[in-house]
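Spelled out, the chains give:
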Amino acid sequence: MATESASALSLLESWLTSRLSTEAQAWYDEKRASLSCDRDFYIAFALVPRKLGKADLIPTEDEGAACTGWDPSNWTVDQAARIALLLAGPEASFIGRLEKLCATGDVGELVTLYQALPLYPNPASLAKRAAEGLRSNVVPVFEAVAHRNPFPKRYFDQAAWNQMVLKALFIGSSLHPIQGLDARANEALAATLIDYAHERWAAGREVNPELWRCMGPFLNEARLEDVNRALASENRLSKAAARLALGAAKFPEPEEGEALSWEEIHQSLAPC
Amino acid sequence: MSEDPSNSNDPIKLIDPHVHMSARTTDDYERMAASGVVALIEPAFWLGQPRTTVGAYMDYLSSLVGFERFRASQFGIRHYCTVGLNSKEANNEELAEAVMEILPLYLQKEGVVALGEIGYDDQTELEDRYLRKQIELAKEFDMVIMIHTPHRDKKHGTSRTMDVLEEHGVDPAKVAIDHNNEETVQEVLDRGYWAAFTLYPNTKMGNERMVEIVREYGSEKIFIDSAADWGVSDPLAVSKTFRLMHERGITKADIEQVCYHNALACYGQSGQIKEEDWLNPLPVDQRNLFHGNSVLRGGQTPRIDEDSLIIE
Ligand SMILES: [Zn+2]
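Conventions adopted
- Residues numbered from 1 in each chain as written.
- Chains lettered and ligands numbered in written order.
- Predicted model: local features only at pLDDT ≥ 70, side-chain atom pairs only at ≥ 80, totals over all residues.
- Heavy atoms only, no water.
- Helix = DSSP H or I, 4+ residues; strand = E, 2+ residues; numbered from the N terminus.
- Buried < 20%, exposed > 50% of the residue type's maximum accessible area, 1.4 Å probe, protein only.
- Polar contact = N/O pair within 3.5 Å; in protein donor to acceptor, adjacent residues only side chain to side chain.
- Contact = heavy atoms within 4.5 Å.
- Pairing = 2+ DSSP bridges.
- Axes fitted to C-alpha atoms, helices over the stretch in contact; angles between N-to-C directions.
- Donors = N, O, S within 2.8 Å, 3.2 Å for Na, K, Ca; no water.
- Parallel < 35°, antiparallel > 145°, perpendicular 65-115°, else oblique.
- Left-handed = near helix turned anticlockwise from the far one by under 90°.
- Nonpolar A, V, L, I, M, F, W, Y, C, P; charged D, E, K, R; others polar.
- Buried area = accessible area lost by both parts, 1.4 Å probe.
- Salt bridge = Lys/Arg side-chain N within 4 Å of Asp/Glu carboxyl O.

## Some details on the side chain of B:Asn181
Residues and elements named next belong to chain B. Summarising the element assignment, Asn181 is placed in the loop between strand E6 (175-178) and helix H7 (185-190). A relative accessible area of 18% places Asn181 in the buried class. Within the local environment of Asn181, its side chain forms a polar contact with the backbone nitrogen of Glu183, the two atoms lying 2.8 Å apart. Leave out the neighbours within four places in its chain, and Asn181 touches Lys154, Phe197, Met205, Arg209 and Ile213.

Have a look at this one:
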């Protein structure tokens, strides 16, 4: 197995060991030992939450630090166990198992499978699978790919990346948890998002202030008028976002007004 | 806007334990949530148009545990389902064999509360064969069974279904017999099964008759559902009947048994539906299954905006 997948597997299993009851661990070990039978694997995969529970993992600082390039902060015990069982099976049939699980997955399973994309063997080959997750209308499934996940920034081409950002705005999801948002700013995305903002304004709707972050260095003279419109809006978060966008593109920032970070803007936007 | 007719401060809590939401609109979800429905069960059934490939069947089952569950969550309703091969499509032998192969992939998914709805339609030989095979599957996976009783030759078909269940050694306490009427209820209760009643305009039960059934047979093992689907049906049937029973003097305790607790007790035997799921959900379920703009958060008064409570 690819070394990254192997080390993820041993990490996940060590976390499970420190969290599972003796009985739950015994169940896991038994299933782990019989992965060569397909039927048993799929049934075990489905059974994980009822056998091991769905408590949040809440990784310790050390555990979090051990994850190079992926973020387990929102993971749960059943998710860790499911991915461990998937990674522990024979690598030759890995893709077949992943595809079948995606085709038959319930909401919880799909979230689990997509958030673990960067841990799979040969992840570069999975960009299409990831894009399929983004096409889902189930918001938590979309977010399992888009949020707290290094997969898109590493493996998406520009078109897939841009579609993801636009869809996030479109479905009312947030941008801040998308990894690589600043580094992957691009001219085509900036142009698309300006069009999107015009469409929203024409319909008398608000624009998510996080949109302005995606202008990055592509905020040019021609787009200044739009950012100034955000700056002049009633919404304090839009004003603060416009300030940040101006600063990021090396335009002079207005002297007055509230200075907030993208993090603070995101927190203020969060629904609850 | 209507107040809770029982005049208590507790919000109304209703479960519709048999409703085919895939065939319904978001308006229905909105009205169901507003009328007090906190959870519902969507049994796998046929779609009016027969499926001809196992792939179509799989996509349907996937949507029951996937997209439909999410759709319900947007309205603050917890969505559960049952999985099984229905009696109509059991008559396509090639399809039925293929579906039997893939059913185990779905039976143990989260929120699958029973194997069902299974039973007889025309009471053919093939229907009988796949009923029996699925009863054995339910035993293998220790599942509750949801039985669909036939529209035609109902009394005999219902007795026959119970005979078959008993022949296979199934515990009646783990079976809900659905679509009962005045003719079947006595035997179903006497034999120890849960007796479900479907308030479905014109073809099944009307709710004035339902009130009388509760008066006569009590509330111990009886519950009601709408079975609303793609036909002329009423997704508010449970809440209308809740109110009608109150108007006609059924006690609050009996009403709550019939509209909430009994379905929970029956399908709760699966371990896959619990009151905490909606009263005090796990953090991960809060993240994944209470998404979007719930219409009934923060204690709004449940309401029914229909003119008449009567379903005939
Ligand atoms: Zn039905």
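Read on, since the account is not over.
## Quick word on the sheet that holds strand E5 (residues 145-148) of chain B
Whenever strands of a sheet pair, they do so through backbone hydrogen bonds, lying parallel or antiparallel. Residue and element names in this part refer to chain B. Overall, parallel pairing links the 8 strands, which are arranged E1-E2-E3-E4-E5-E6-E7-E8 in an open sheet. The two strands at the open ends of the sheet, each matched to only one other strand, are strand E1 (14-16) and strand E8 (222-225). Neighbouring strand axes in the sheet, compared pairwise and without regard to direction, differ in orientation by 25° on average. Note: E6 against strand E7 (residues 194-198), 2 bridges, orientation parallel. Residue pairing across strands places Ala176 opposite Trp194, the latter belonging to E7. Against the sheet, helix H1 (residues 26-34) touches E1, strand E2 (37-43) and strand E3 (78-83), its axis set at about 135° to E2.

## Concerning H1(B)
Residues and elements named next belong to chain B. Regarding H1, the residues found buried are Asp28, Tyr29, Met32, Ala33 and Ala34. Of the surrounding elements, those touching the buried residues of H1 are E1, E2, helix H3 (67-73) and E3. N-capping of H1 is provided by Thr25, with a side-chain oxygen placed 3.3 Å from the backbone N of Asp27. Backbone geometry just after H1 places Gly36 at a positive phi near 110°.

## Observations regarding the coordination of the zinc ion
All names here are of chain B. For the zinc ion, the full set of protein donor atoms is His18 (NE2), His20 (NE2) and Glu117 (OE), at a range of 2.0 to 2.2 Å. Donor residues for the zinc ion, ordered by position in the chain, follow H-x1-H-x96-E. With His20 in the loop between E1 and H1 and Glu117 in strand E4 (residues 112-119), the pair connects residues that are 97 residues apart, well separated along the chain. Overall, His20 belongs to the buried group, its relative accessible area being 7%.

## A few points about the packing of helix H7 (residues 107-115) of chain A against helix H9 (residues 139-146) of chain A
Residues and elements named next belong to chain A. Where H7 meets H9, the closest approach of the two axes is 8 Å, and the angle between their N-to-C directions is 10°. Put simply, H7 runs roughly parallel to H9. As for the relative orientation of H7 and H9, their crossing is right-handed in sense. Along the contact surface, H7 presents Val107, Leu110, Val111, Tyr114 and Gln115, while H9 presents Pro140, Val141, Ala144 and Val145. The class makeup of the residues in the contact of H7 with H9 is 8 nonpolar, 1 polar and no charged.

## Here we look at the interface of chain B and chain A
One widely used convention gives an interface's size as the accessible area the parts lose upon coming together. Of the residues lining the interface, 28 residues belong to chain B; the matching set on chain A comes to 26 residues. Of the roughly 2300 Å² buried where chain B meets chain A, counting both sides, 55% is carbon and sulfur surface. The salt bridge involving A:Asp56 is made with B:Arg287; its shortest N-O contact spans 3.0 Å. A total of 6 residues in the side of chain B that touches chain A trace back to one element, the largest contributor, which is helix H12 (residues 283-289) of chain B. Class assignment of the residues belonging to the side of chain B that touches chain A gives a composition of 15 nonpolar, 7 polar and 6 charged.

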